[in-house]
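# Coordinate analysis (summary)
Each chain, written out:
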Amino acid sequence: MKKALLAIAALLSGVTVLAQYRDVASSYQELYDSETVSLLKRHVGYIAGAEMEGRLAGSEGERMTAEYIASCFEEYGVDVISPRGGETFGIVRENGDTVTSRNVIGYIQGWDSTVNDRYIVIGARMDNLGSDTYTVDGEPVSRIYYGANGNASGLAMLLELSRKISTNRILFRRSVLFVAFGASEYTLAGSWYFLNRSFADVDRIDAMVNLDMVGGSGSGFYAYTSSNTDLNSAVSALRGELLPILPVLTTEEPYTGDHRAFYDREIPSVLFTTGRYPEHDTGRDSYEIIDFDKMERELETVYCFSEKLSSGEAPRFRESASAPKRSDVVAYSDTDVKPAFFGSRNPSTFLTKWVYQYVKYPSYALENGIQGRVTVDFVIDEKGNVTDVTVGRSVHESLDAEAVRVVSASPRWTPGRRNGKKVKVAMSVPVEFRLQKRSDGSFGVNGIIVKQ
């Protein structure tokens, strides 16, 4: 017992002194914290500490936070693909001054070679309002906007998600990018820079999860998806899991955040937050207001959601206008037994054993260097036939037509079931058309050689 107490004491001693004093009772309480809660407290205590002076974009506090996040990624086995102090970029303020802010990017490769070149982005805002001075009875008083809930809480959850996903990476088919965005308070500058200047494969991002202000107390825990149908279904599907807390879908955006930049690029995005709170953007947004036990429960839910995003079908940004609206068709996620192709219930088998075996790169697209991902929607009926094939996400009419042709020619599947009965099941698959020039003058696409 003595050794255990000494180990706990050593852990606590490594935490930077917090911005505010805590009472003795709270210190004793920490002896009973779970490992996750202890780590969440460590992260928030450091990031929202007085030394950071509110993490204003471009400040020393923001740089120190970036280095802390990078060191945690490294400790957790997450590859840091930005410079240790963050990938820097400039922002021009209203007065003409240029501020240098930064993004920190971590990476975990998915296990499935058929989709691990596609990404789920999990992000959190890094900067806050900094500090200022005001007058009380004629005397100047300094004030720090600690930003414990806004957004040291989101960064802490981002870090612990990276630890959990790193430990369980074998469960994640797609690759995961963890991004701490700088200068979010400056018109989402960090996320804009990531999408428009930094990350080359934006068109390969299937979804974005934003964590902002997730440490509020009370019963609120919300998911805002901009009313995306597929993400709403994914959030609702969490009700079938044994999770300690479930988010409430909301159609009213609780806060503007980095998810908006992804939405503007037509990438399905969801904001997880505990909602509005009275200390927001004040000096009272401090360590003491954070409900760490609730954060641990939220973390488990967001982890489960992220794993399903990585392993399931990619959410669509919008529904196909031509997709049939039929009440007798069951969503793929709502089936008890999934449809099977060649004995496999993994949709990637359909791509590897059928689609990419028979797809032909259209001559026009080949000659003009057209490439991209076509999302094809279809229905597997009660007999296993592929019906109602439409384009959910278009690239070019030549690629669209070829993707529809190959999917439509599919052999029969084993039908899906719900409540013990065969049902019509709606599905979607991404058909990739990628060109790569080879030394012999040929082009390769999805493993198939197409001669010029």
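How each quantity is defined
Residues numbered from 1 in each chain as written. Predicted model: local features only at pLDDT ≥ 70, side-chain atom pairs only at ≥ 80, totals over all residues. Heavy atoms only, no water. Axes fitted to C-alpha atoms, helices over the stretch in contact; angles between N-to-C directions. Helix = DSSP H or I, 4+ residues; strand = E, 2+ residues; numbered from the N terminus. Parallel < 35°, antiparallel > 145°, perpendicular 65-115°, else oblique. Left-handed = near helix turned anticlockwise from the far one by under 90°. Contact = heavy atoms within 4.5 Å. Expected span 1.5 Å × (residues − 1). Buried < 20%, exposed > 50% of the residue type's maximum accessible area, 1.4 Å probe, protein only. Core = buried A, V, L, I, M, F, W, Y, C linked by side-chain atoms within 4.5 Å. Lys, Arg positive; Asp, Glu negative; His and termini not counted. Salt bridge = Lys/Arg side-chain N within 4 Å of Asp/Glu carboxyl O. Polar contact = N/O pair within 3.5 Å; in protein donor to acceptor, adjacent residues only side chain to side chain. pLDDT = per-residue confidence, 0-100. Phe/Tyr/Trp six-rings, centres within 6.5 Å; stacked < 30°, edge-to-face > 60°. Lys NZ or Arg CZ within 6 Å of the ring centre and 35° of its normal.

## Focus on the packing of helix H5 (residues 148-167) against helix H9 (residues 292-311)
Contact geometry of H5 with H9 gives a least axis separation of 10 Å together with a crossing angle of 55°. The angle between the axes of H5 and H9 places the two elements in the oblique class. The way H5 lies across H9 gives a crossing that is right-handed. Of H9, the residues touching H5 (which contributes Ser153, Ala156, Met157, Glu160, Leu161, Lys164 and Ile165) are Met295, Glu298, Leu299, Glu300, Val302 and Tyr303.

## Some remarks on helix H12 (residues 397-408)
For H12, built from 12 residues, the straight-helix expectation of 16 Å at 1.5 Å per residue is met to within 8% by its first-to-last C-alpha distance of 16 Å. Along H12, the residues that are buried comprise Ser398, Leu399, Asp400, Glu402, Ala403, Val406 and Val407. Of the surrounding secondary structure, the elements contacted by the buried residues of H12 are helix H10 (347-358), helix H11 (363-367), strand E13 (372-380), strand E14 (386-393) and strand E16 (421-433).

## Description of the nonpolar core
Membership of the largest hydrophobic core comes to 61 residues, with the highest contact counts inside it found for Val44, Ile122, Phe178, Val209, Leu211, Phe272 and Phe305. Per-element accounting of this core gives the leading share, 9 residues, to H5. The contacts of leucine 211, once residues within four sequence positions are left out, are Ile122, Gly123, Ala124, Arg125, Asn151, Gly154, Met157, Leu158, Leu161, Phe272 and Val302. Counting residues in hydrophobic clusters, the runner-up holds 31 residues, among them Val359, Ile370, Val406 and Trp413.

## A few points about the side chain of glutamate 62
On the secondary structure map, glutamate 62 appears in helix H4 (residues 60-75). One buried charged side chain, glutamate 62, makes no salt bridge at all; its nearest oppositely charged neighbour is arginine 102, positioned 4.1 Å away. Of note is the side chain of glutamate 62, whose polar atom sits 2.8 Å from the side chain of serine 101.

## Some remarks on unusual backbone geometry
At the junction of glycine 150 and asparagine 151, the peptide bond is cis and its omega measures out at 5° in the coordinates. Tracing the chain through its elements places asparagine 151 in helix H5. Its identity is not glycine, yet serine 226 carries a phi of approximately 60°, on the positive side. Mapped onto the elements, serine 226 comes out in the loop between strand E9 (222-224) and helix H7 (229-236). One non-glycine residue, glutamate 266, adopts positive backbone phi at about 60°. Taking relative accessible area as the criterion, glutamate 266 reaches 38% and is therefore assigned partly exposed.

## Describing the confidence of the model for the protein
Mean pLDDT for the protein: 87, with 87% of residues reaching 70 or above. Here residues 1-25 is modelled with pLDDT under 50, and outside its nearest four sequence neighbours on either side it reaches 21 contacts, counting other chains as well. Scored below 50 in pLDDT, residues 445-452 makes 27 contacts in the model with residues more than four places away or belonging to other chains.

## So, helix H3 (residues 35-47)
Every α-helix winds through 3.6 residues per turn, so residues three or four apart in the chain are directed the same way. Here H3 contains 13 residues, and its C-alpha end-to-end distance of 18 Å stays within 8% of the 18 Å for a straight helix at 1.5 Å per residue. Most of H3 sits inside the fold, with 12 of its 13 residues counted as buried. Along H3, the residues classified as buried are Thr36, Val37, Ser38, Leu39, Leu40, Lys41, Arg42, His43, Val44, Gly45, Tyr46 and Ile47.

## Focus on the packing of aromatic side chains
Summed over all chains, the structure comprises 21 aromatic pairs. Ring plane angle 45° and centroid distance 6.1 Å describe the contact between phenylalanine 73 and phenylalanine 178, whose orientation is recorded as tilted. Of the two residues, phenylalanine 73 sits in helix H4 while phenylalanine 178 sits in strand E7 (residues 175-181), which places them 105 residues apart along the sequence. As far as burial versus exposure is concerned, phenylalanine 73 and phenylalanine 178 are alike and both buried. Pairing phenylalanine 181 with phenylalanine 194 gives two aromatic rings, centres 6.1 Å apart and planes at 75°, and the pair type is edge-to-face. Linking phenylalanine 181 in strand E7 with phenylalanine 194 in helix H6 (residues 189-198), this pair joins segments that are 13 residues apart in sequence. Sitting over the face of the ring of tyrosine 303, lysine 164 holds its NZ or CZ atom 4.9 Å from the ring centroid. A cation over an aromatic ring shows up here: lysine 338 above the ring of tyrosine 332, its NZ or CZ 4.9 Å from the ring centre.

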